[in-house]
Amino acid sequence: VAGSYLITAAVSGEVQTHSHGDGIRFQLNVNGTVNPSTDAYPIETTGSENGQEYALMFTIILDLGADDYLEVECTNIGGNVAFELYYGYFCAYKLG
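Residues numbered from 1 in each chain as written. Predicted model: local features only at pLDDT ≥ 70, side-chain atom pairs only at ≥ 80, totals over all residues. Heavy atoms only, no water.

A. Looking closely at the packing of aromatic side chains. Applying the stated criterion across every chain, the model contains one aromatic pair. An angle of 40 degrees between the planes, with centres 5.2 Å apart, marks the rings of Phe26 and Phe58 as tilted. Of this pair, Phe26 sits in strand S2 (residues 23–30) while Phe58 sits in strand S5 (residues 53–64), and the two are 32 residues apart along the sequence. You'll find Phe26 and Phe58 in the same group, each marked buried. (Phe/Tyr/Trp six-rings, centres within 6.5 Å; stacked < 30°, edge-to-face > 60°. Helix = DSSP H or I, 4+ residues; strand = E, 2+ residues; numbered from the N terminus. Buried < 20%, exposed > 50% of the residue type's maximum accessible area, 1.4 Å probe, protein only.)

Structure below.
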């Protein structure tokens, strides 16, 4: 249904391995394209300890069309980081 939506998502876990410049990115994709307001969450693991826990979340209001689709993506940056996910959630609430 077209309209304004409050979108919120979260993920937490533990860093398993990393190297300099690697990290974790948590973002919202709208129709396959990264929403720039949620792409501001790359977490650099440089200087962190293996086993360090992380928690990431975002909340955003979006105007969506009836055919729009959403994806929440949690990926590694740099290719050498491994992470375990403890839990995550994704909620979309239609406003009004």
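Here the narrative resumes, following the displayed structure.
B. Representation of the side chain of Asn29 in the model. Considering the arrangement of structural elements, one finds Asn29 in strand S2. Given the relative accessible area of 6%, Asn29 is considered buried. Here Glu73 takes part through its side chain, which lies 2.9 Å from a polar atom of the side chain of Asn29. When near neighbours in sequence (up to four residues on either side) are disregarded, Asn29 contacts Val34, Tyr69, Leu70, Glu71 and Glu73. (Polar contact = N/O pair within 3.5 Å; in protein donor to acceptor, adjacent residues only side chain to side chain. Contact = heavy atoms within 4.5 Å.)

C. The arrangement of the confidence of the model for the chain in detail. Per-residue confidence for the chain averages 82 on the pLDDT scale, and 76% of its residues sit at or above 70. Of all helices and strands in the chain, the one with the weakest mean pLDDT is strand S4 (residues 43–44) (58), whereas strand S3 (residues 33–34) scores best (92). (pLDDT = per-residue confidence, 0-100.)

D. A look at the nonpolar core. Grouped together as the largest cluster of nonpolar side chains are 15 residues, with contacts concentrated most on Ile7, Phe26, Leu28, Tyr54, Leu56, Phe58 and Leu62. Listed by contribution, the elements that provide at least two residues to this core are strand S1 (3–17), S2 and S5. (Core = buried A, V, L, I, M, F, W, Y, C linked by side-chain atoms within 4.5 Å.)

E. Broad picture of a nonpolar patch on the surface. Nonpolar side chains collect at one region of the surface, where Met57, Tyr86, Tyr87 and Tyr89 lie side by side and expose about 420 Å² of accessible area between them. Per-element accounting of the nonpolar patch gives the leading share, three residues, to strand S7 (residues 82–94). With respect to the helices and strands, Tyr89 occurs in strand S7. (Patch = residues over 30% accessible without salt bridge, like charges linked within 9 Å, V, L, I, M, F, W, Y side chains within 5 Å. Areas by Shrake-Rupley, 256 points an atom, 1.4 Å probe, with all protein chains shown as cover. Salt bridge = Lys/Arg side-chain N within 4 Å of Asp/Glu carboxyl O.)

F. Up close: the side chain of Asn35. Relative to the helices and strands, Asn35 is located in the loop between S3 and S4. Engagement of the side chain of Asn35 in a polar contact is seen with the backbone nitrogen of Ser37, the distance being 2.8 Å. What Asn35 contacts, discounting residues up to four positions off in sequence, is Leu28, Val30, Ile60 and Leu62.

G. Structural context of unusual backbone geometry. For Asn31, which is not glycine, the phi torsion reads 55 degrees and is therefore positive. Note that Asn31 resides in the loop between S2 and S3.

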